[in-house]
Amino acid sequence: MELTRVDYTLLGLTSPQCMKLLPCTMPKTTQKVVVGDHDGVVQLFSVKRGEIQLGFKTLPGDKITRLHLGGALGNPQDKIFVSSKNEVRGYTKKGKLFLGFETNLTETIRSMAVSGSDLLVCGTQIYNHYRDCKDANSYLSADRINDVIALSAEKIHRLTPVLACEDRMLRVLDHSTLLHSLPLTGVPTVLHLFNNDGGAIGDQLLYGTDDGTIGLVQITKTGISQKWRMEPGRHRGGVQSLYCYDMTGDGVADLLVGRSDGTLQIYSIPTEPADDINQPSERFSYVSNESITSIQGGIVGNSGFDEVLATTYTGWFFGLTTEVIDKQMSGEGGDLNSKVKISSDDKLKIVRLRTEIEELEQKLMKEREKYHNASIEDGVGFSTIPFFSINDKLTLMQDTAVYQLVIEVEMAIDNILLQSDIPLELLDVDKNSAVLSRSACSAGSDNQLLATYRCQMNTTRLELCLRTVEGVHGTLCVYITPVVQPKCCQLRRHQIKPLSLHTRCHELDTNRCYNNLQLKGNFSVAEMHSWVSNCLPEVPEKPPLGEKVSYIFTSVLMFSMLHCTYSKGEAEFLSDNVTTIGILKDVITKEATKKKIKLEISTVINEESAASVIRRLDSRLVSEVTLARQVGLLEALRELESVEGRQFLSPEYQEILDNQRQLMSRHSSQPGYLNRLIETIAELYVDWHKFKGVNARIKIPLLMELLQNYNLNELISFFN
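Counting restarts for each chain: residues are numbered from 1 in the order of the written sequence. pLDDT decides what is reported in this predicted model: residues at 70 or higher carry local features, side-chain atom pairs at 80 or more are listed and counted, and totals for whole chains, interfaces and linings draw on all residues regardless. As a rule here, side-chain values cover all heavy atoms of the structure and leave hydrogens and water aside.

**Digging into helix H5 (residues 609–644)**
Three or four residues apart is the spacing at which side chains of an α-helix point the same way, because the helix has 3.6 residues per turn.
Reasoning step 1: Over its 36 residues, H5 extends 51 Å from the first C-alpha to the last, a length consistent with the 52 Å expected when each residue adds 1.5 Å.
Reasoning step 2: At Asp618, H5 shows its largest bend, some 50°.
Reasoning step 3: Trailing H5 by a residue or two, Gly645 shows a phi angle of about 95°, which is positive. The helix and strand labels rest on DSSP assignments: H or I over at least four residues marks a helix, E over at least two residues marks a strand, and numbering proceeds from the N terminus. What a helix should span is 1.5 Å times the count of its residues minus one. Bend is the name given here to the angle between axes fitted to two runs of seven residues, the run ending at a residue and the run starting at it.

Encoded structure:
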């Protein structure tokens, strides 16, 4: 599949799912586009001969968080619904305001869906259902709601809302009650009806997660089942938008995917039931330098040519068209021998663009001169600090046990300063072209990390990777300075939790050897929930309803599990990793001491727990030790090959030389991973003996030597 990018226009900053194409009136004719941005502007436009033809444009207002198309069931869905703060407005395609509905939510609407006369809106954890603008149902979720959708009411003849929640769950509602739920491996970020209408029966739903996974589920009265799940490739961004559209003309809809790292993909969807072989396959991939917020399929530029339309965070609206566009457009100073074919329309466009650029340059020079004169005059003078929007997120990558920090700014970034009061290791990122400068931290200060990233020209998005150590907690401060006058920066803070390498899961492995930590005292559920939230990521701000709270976590580095259960005055923590128990005990004890709450602490250590953790790490340790040994031999083997030839080498060494590219790629993708595992096992050894009242740090050098020549049985014997 060959597609060509066409940039149509630059809009304001956009949130996810705030761009739609209105349904076409005739087959293969151009469609109108409607977009809502952070300035509160809703605009509908079409494209004619490369020029934007504005249909209507509203005045600026509050930030638009969602845009949805609706209408009476069975009719074209051409009514435009937008949400901002706690209000929902409706516009016709002519721009007439026909609905101004203020919901009873006390917070900003974060997601919205429209199905006929039913309006579904969600705040942080509250779901509300309105029918004909009258309150019908509501539901309080256990964690934050990222998206909401309703199955096709035309096909299943009932309203079935589905919530995508931060605790890695899909929840299906029936009025105000929970009907079904499905645990997922990642946090669901977007929901979309399969084939845009739910499939043949209307009960199939696509979802995308923050780790890049895409899946298809089927929702029936009896339950919710997974049809297929497509794992992401390495270092894929989170899914922000999904749409189904036939880009190949074979009569079968393709899946269009927009990701947070700027990747735009097209997948072919299997017509037969999906299995290990019959999975969706990638047909096209395009990488933008900005995150994709919305994606649609349709015809906008020229009639008869299908396009993938997308908006980015900074407001670019562009298409990937099937139309063949001649790219041999060399301007002045180009190759004289090349044949340049420029149509009269293109010549007029170039002239208009040059005139517009000259006018903008003159306006810019006048404003700069005006500002300069005002700043040097006698008197108070004036200077305004411009406000700029930042889209930043700190995410744990489960496959590498590394945190990814993504920073996206509406204007070009000059530099980014990182400061932390705990030790953090910065890693190289392939996509990152910024220049890293490290500064030494003085002994008297609380700083453990000072680093500056100087960005290249026109960089609006930057990805950073950093490695944390469990047991230490603190704050990562990010100072972001854009290319703007007067110079200014914004500060963003990210909390690093003591158990930073743990993620939420839903099933507890009962066959493991668990250590037990019990706490009793005069504390409330809210106080214990606050202490647990300070220790672990992915814990909601407020405790769920009920007398007893239960969470399950898994470690992405040690593959151990943690089960937290607490109620008023009593808490129990189970983990097969004694280090996790030790960290929880230390942190919660300090928090309770601050509030002058006396705790009764009891621990029960399982004698088999350390050996079980080591056995679970065995395959990873063998792989990493073997990789380190092979990479260490490569240079010597290359020298021997250049002098003596390969025929004198053993088959094992010849295989190392044959696979040297793959070995170096694996080694560079996770630098220092083996050392990290060794240090974690050393901490496990110290904590294992600490709970027995023995100081085992004197034996750490012997343990390190043993791990360099790893053997499972010898390591378990050393522990015992």
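**Observations concerning the pairing of strand E30 (residues 402–409)**
Reasoning step 1: Burial runs high along E30: 8 of the 8 residues are buried.
Reasoning step 2: Throughout this description, buried means an accessible area under 20% of the type-specific maximum (1.4 Å probe, protein chains only), exposed means over 50%, and partly exposed covers the range between. Judged by which residues are buried, E30 turns out to be covered on both faces: Val402, Gln404, Val406 and Glu408 on one side and Tyr403, Leu405, Ile407 and Val409 on the other are all buried.
Reasoning step 3: Strand pairing requires that DSSP identify at least two bridges connecting the strands. As judged from the 8 bridges shared by strand E29 (residues 390–397) and E30, these two strands associate in the antiparallel manner. Paired with Lys393 across the two strands is Val406, which belongs to E30.
Reasoning step 4: Between E29 and E30, which pair antiparallel in sequence order, lie 4 residues; one of them, Ala401, sits at a positive phi of approximately 55°.
Reasoning step 5: In terms of strand pairing, E30 meets strand E35 (residues 461–467) through 6 bridges, oriented antiparallel. If you follow Ile407 over to E35, its bridge partner there is Leu462.

**Section: the nonpolar core**
The tendency in soluble globular proteins is for nonpolar side chains to be buried as a group.
Reasoning step 1: Judged by nonpolar contacts, the single largest core of 60 residues is most densely connected at Ile407, Ile416, Leu418 and Phe719.
Reasoning step 2: Per element, the largest residue contribution to this core is 10 residues, and it comes from helix H8 (residues 673–690).
Reasoning step 3: Note on contacts: a residue pair is in contact if any heavy atoms of the two residues lie within 4.5 Å. When residues no more than four places from it in sequence are discounted, the contact partners of Phe719 are Ala610, Ile614, Ile681, Leu684, Tyr685, Trp688 and His689.
Reasoning step 4: With 27 residues, the next largest nonpolar core counts Trp531, Val532, Val539 and Ala571 among its residues. The criterion is simple. A nonpolar core is a set of buried Ala, Val, Leu, Ile, Met, Phe, Trp, Tyr and Cys residues joined through side-chain atoms within 4.5 Å.

**Looking at the confidence of the model for the chain**
Reasoning step 1: What pLDDT reports is the predictor's confidence in each residue, on a scale of 0 through 100. In this model, the chain carries an average pLDDT of 87, and 95% of its residues clear a pLDDT of 70 or more.
Reasoning step 2: Here residues 327–338 scores under 50 on pLDDT; set against residues more than four positions off or in separate chains, the count is 9 contacts.

**A closer look at a nonpolar patch on the surface**
Reasoning step 1: Patch membership needs two things, relative accessible area over 30% and no salt bridge, and members are linked within 9 Å if like-charged or within 5 Å if nonpolar (Val, Leu, Ile, Met, Phe, Trp, Tyr). Note on areas: these come from Shrake-Rupley sampling with a 1.4 Å probe, and a residue is covered only by the protein chains present in the view. Each reported salt bridge corresponds to a side-chain nitrogen of Lys or Arg within 4 Å of a carboxyl oxygen of Asp or Glu. A surface patch of nonpolar side chains, about 300 Å² in accessible area, is lined by Ile126, Leu140 and Leu545.
Reasoning step 2: By the secondary structure assignment, Leu545 is in the loop between helix H3 (525–535) and strand E40 (549–555).

**Quick notes on the sheet that holds strand E16 (residues 169–174)**
Each strand in a sheet pairs with its neighbour through backbone hydrogen bonds, running either in the same direction (parallel) or in the opposite one (antiparallel).
Reasoning step 1: Overall, antiparallel pairing links the 4 strands, which are arranged E14-E15-E16-E17 in an open sheet. The sheet is open, and its two borders are formed by strand E14 (145–150) and strand E17 (177–183), each paired with just one other strand. Averaged over all pairs of adjacent strands, the angle between their axes in this sheet comes to 20°, without regard to strand direction.
Reasoning step 2: Direction of pairing for E16 relative to E17: antiparallel, over a ladder of 6 bridges. From the neighbouring strand, Val172 faces E17, where its bridge partner is His180. Every angle, taken between N-to-C directions, lies between 0 and 180 degrees, and every axis is a line fitted to C-alpha atoms, over only the stretch in contact when it is a helix.

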